[in-house]
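Architecture at a glance
One letter stands for each residue in the lines below.
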Amino acid sequence: MGKYFGTSGIRGLFNECVTPELALKVGKAVGTYLGGGRVVVGMDTRTSSETLKSALISGLLSTGVEVIDIGLSPTPLTGFAIKLYEADAGVTITASHNPPEYNGIKVWQSNGMAYTPDMEAELEGILESGNFRKVPWNEIGTLRRANPRDEYIRKALEMVNLNDSYTVVVDSGNGAGSILSPYLQRELGNKVISLNSHPSGFFVRELEPNARSLSGLAKTVRVMKADVGIAHDGDADRIGVVDDGGNFVEYEVMLSLIAGYMLRKFGKGKIVTTVDAGFALDDYVRPLGGEVIRTRVGDVAVADELAKHGGIFGGEPSGTWIIPQWNLTPDGIFAGALVLEMIDRLGPISELAKEVPRYVTLRAKIPCPNEKKAKAMEIIAREALKSFDYERLIDIDGVRIENSDWWILFRPSGTEPIMRITLEAHTEEKAKELMGKAERLVRSAVERA
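The notes below deal with the structure included here. Quantities reported herein were computed from a predicted structural model and do not represent experimental measurements.

Some details on the packing of aromatic side chains
Applying the stated criterion across every chain, the model contains nine aromatic pairs. Ring geometry for Y152 against W326: centres 5.2 Å apart, planes inclined by 85 degrees, an arrangement best described as edge-to-face. Of this pair, Y152 sits in helix 5 (residues 149-159) while W326 sits in the loop between strand 15 (321-322) and helix 11 (332-346), and the two are 174 residues apart along the sequence. This pair shows no difference in class: Y152 is buried, exactly as W326 is. Here a set of aromatic residues connected by ring pairs shows up, and it is made of F80, Y152, W326 and F334. In this arrangement the basic side chain of R149 is found over the ring face of Y183, its NZ or CZ atom lying 4.6 Å from the centre. Of note, K437 hangs over the ring of F388, and the distance from its end group to the ring centre comes to 4.7 Å.

Quick look at the packing of helix 5 against helix 11
At a closest axis distance of 11 Å, the pairing of helix 5 and helix 11 adopts a crossing angle of 30 degrees. Taken together, the axes of helix 5 and helix 11 are roughly parallel relative to one another. The way helix 5 lies across helix 11 gives a crossing that is right-handed. Here Y152, A156 and M159 of helix 5 lie close against helix 11, whose contacting residues are I333, F334 and E341. Tallied by class, residues from the contact of helix 5 with helix 11 come to five nonpolar, no polar and one charged.

Details of the pattern of salt bridges
If charged atoms from side chains of opposite charge come close, those side chains can pair. Counted according to the given criterion, the structure contains 30 salt bridges. For R212, the salt bridge is made with E206, and the minimal N-O distance between the two is 2.6 Å. When its relative accessible area of 35% is taken as the criterion, E206 is described as partly exposed. When the shortest N-O distance is used, the salt bridge between E208 and R238 registers 3.4 Å. Of this pair, E208 sits in the loop between strand 9 (191-195) and helix 7 (215-223) while R238 is found in the loop between strand 10 (228-231) and strand 11 (240-242), placing the two residues 30 residues apart along the sequence. Assessed through its relative accessible area of 26%, E208 is described here as partly exposed. Look at the salt bridges and you will find they share partners, linking E50, K53, D69 and R145 into a network.

Description of the sheet that holds strand 5 (residues 89-93)
Read from one edge to the other, the open sheet built from seven strands follows the order 1-2-6-5-3-4-7, with strand pairing classed as mixed. A strand with exactly one partner marks an edge of an open sheet, and here the two such strands are strand 1 (5-6) and strand 7 (143-145). Bridge count for strand 3 (residues 38-43) against strand 5 is five bridges, and the pairing is parallel. Across the sheet, the residue bridging to G42 is T92, located in strand 5. Lying over the sheet, helix 1 (residues 20-34) contacts strand 2 (9-13), strand 3, strand 5 and strand 6 (102-109), oriented at roughly 5 degrees with respect to strand 6. Against the sheet, helix 2 (residues 49-62) makes contact with strand 3, strand 4 (66-72), strand 5, strand 6 and strand 7, and its axis sits at roughly 170 degrees relative to strand 3, the strand it touches most.

Focus on helix 3 (residues 75-84)
Buried residues dominate helix 3, accounting for eight of its 10 residues. Restricting attention to buried positions, one finds in helix 3 the residues T75, P76, L77, T78, G79, F80, A81 and I82. Buried residues in helix 3 make contact with strand 3, strand 4, strand 5, strand 6, helix 5 and helix 11. Of the residues trailing helix 3, E86 is marked for its positive phi of about 50 degrees.

Side note on the environment of A425
By the secondary structure assignment, A425 is in strand 20 (residues 418-425). Given the relative accessible area of 0%, A425 is considered buried. Spatially, the C-alpha atom of A425 lies 5.9 Å from that of D405, the residues being 20 residues apart in sequence. Sequence-distant contacts of A425, defined by excluding residues within four places in its chain, comprise Y359, V360, D405, W406, K430, A431 and L434.

Things to note about the sheet that holds strand 8 (residues 167-171)
Strand-to-strand pairing in sheets goes through backbone hydrogen bonds, with the strands running parallel or antiparallel. With mixed pairing, the four strands of this open sheet are ordered in space as 9-8-10-11. Every other strand in the sheet has two partners, leaving strand 9 and strand 11 as the edge strands with one partner each. The average angle at which neighbouring strand axes cross in this sheet is 20 degrees, direction not considered. Strand direction decides the pairing type here: strand 10 and strand 11, joined by three bridges, are antiparallel. Each bridged residue has a counterpart across the sheet, and for I230 the counterpart in strand 11 is V241. Running over the sheet, helix 7 touches strand 8, strand 9, strand 10 and strand 11 and is turned about 155 degrees from strand 10.

Scoring rules and cut-offs
Residues numbered from 1 in each chain as written. Predicted model: local features only at pLDDT ≥ 70, side-chain atom pairs only at ≥ 80, totals over all residues. Heavy atoms only, no water. Phe/Tyr/Trp six-rings, centres within 6.5 Å; stacked < 30°, edge-to-face > 60°. Helix = DSSP H or I, 4+ residues; strand = E, 2+ residues; numbered from the N terminus. Buried < 20%, exposed > 50% of the residue type's maximum accessible area, 1.4 Å probe, protein only. Lys NZ or Arg CZ within 6 Å of the ring centre and 35° of its normal. Axes fitted to C-alpha atoms, helices over the stretch in contact; angles between N-to-C directions. Parallel < 35°, antiparallel > 145°, perpendicular 65-115°, else oblique. Left-handed = near helix turned anticlockwise from the far one by under 90°. Contact = heavy atoms within 4.5 Å. Nonpolar A, V, L, I, M, F, W, Y, C, P; charged D, E, K, R; others polar. Salt bridge = Lys/Arg side-chain N within 4 Å of Asp/Glu carboxyl O. Pairing = 2+ DSSP bridges.

Written as structure tokens, this is what we have:
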């Protein structure tokens, strides 16, 4: 992890870590890295997004880049527009699911995949050196505005179709998904009820789509007797689902269901997920001809593995799904359309979910200053290997130790000053015992780091 880039681009508090000055430099760095060309720029609904976008575009133009400004745009639409306009790169101004005082900058490749850590490291080098490409007055880049929304919907309808119509409640969290997700659902032929779908940087609910933040959506689904509830975070690269009974469907369950549906739709193949995903996915997709590959946390790692192995679906247990037949950008909006197609073909989610094995998953966050993370992880790796009786070790991202009936993942957050512990066990008693031991280990390691 570099000085600016974390696991999901640049992210931090506006006017402290993420400033217009930094956005200007990032624009210059991207233009320098590309040596010209065409870049698509979109932004989420945060109050600071317009400021950062303007600065970033100025930087790009000063290096001779042609900029296509698509304005307020969910991340999936930026990814789509890159390919639509045959751009060399794309940039989204967003802090995804973080609170409103945060913002960030994420850069995308021409194939819709996020910049890899190696590419980000090159951008960091250019940023640090300040050695930016400068073009004369008569070679400054051109700026044009475009709206790829209708084209996105038209293309999505070529790939997803429903035999029946459903009642869908869409909760966009006042984010950028507001301008696209409810409209795509309507064009699919559904009756749409919109919640929190007026774009605003003053978010009504917590942006991360989880059981707590989606209590309003769950209640609306019950009251309106809807077939499903679909929710997004700030830039709509993620999806949260509420079933026909008005219950939030746990991420792991939804990940398993949609992976299974993709196997039914496209035939057997590889499913890519991350080291923090549980055993339920493997157990559910194996009989359907799916082989699970695990990689580092973050959509770029998932997209990378999908491209490498020709996988048919990739997803994280955070509601981030990548559908390679559509794009390598994580897309909660297209994912919402696929969820409806799954219901249309296979039946209500409440029934489908019964087939997914359930294990006990616990998560914890332990405060840890960023500068202590590396040392703390060294201590954790050393101590964990001594303290736990495990059979397998995966250390591609943090430390994951596994046994036949439990696993624990220790991992530093790429976006916050915390250490994350994620674990799964077959019984609650075992899960709590493991978590107690894991928390003590991490607290001790942070103190000693």
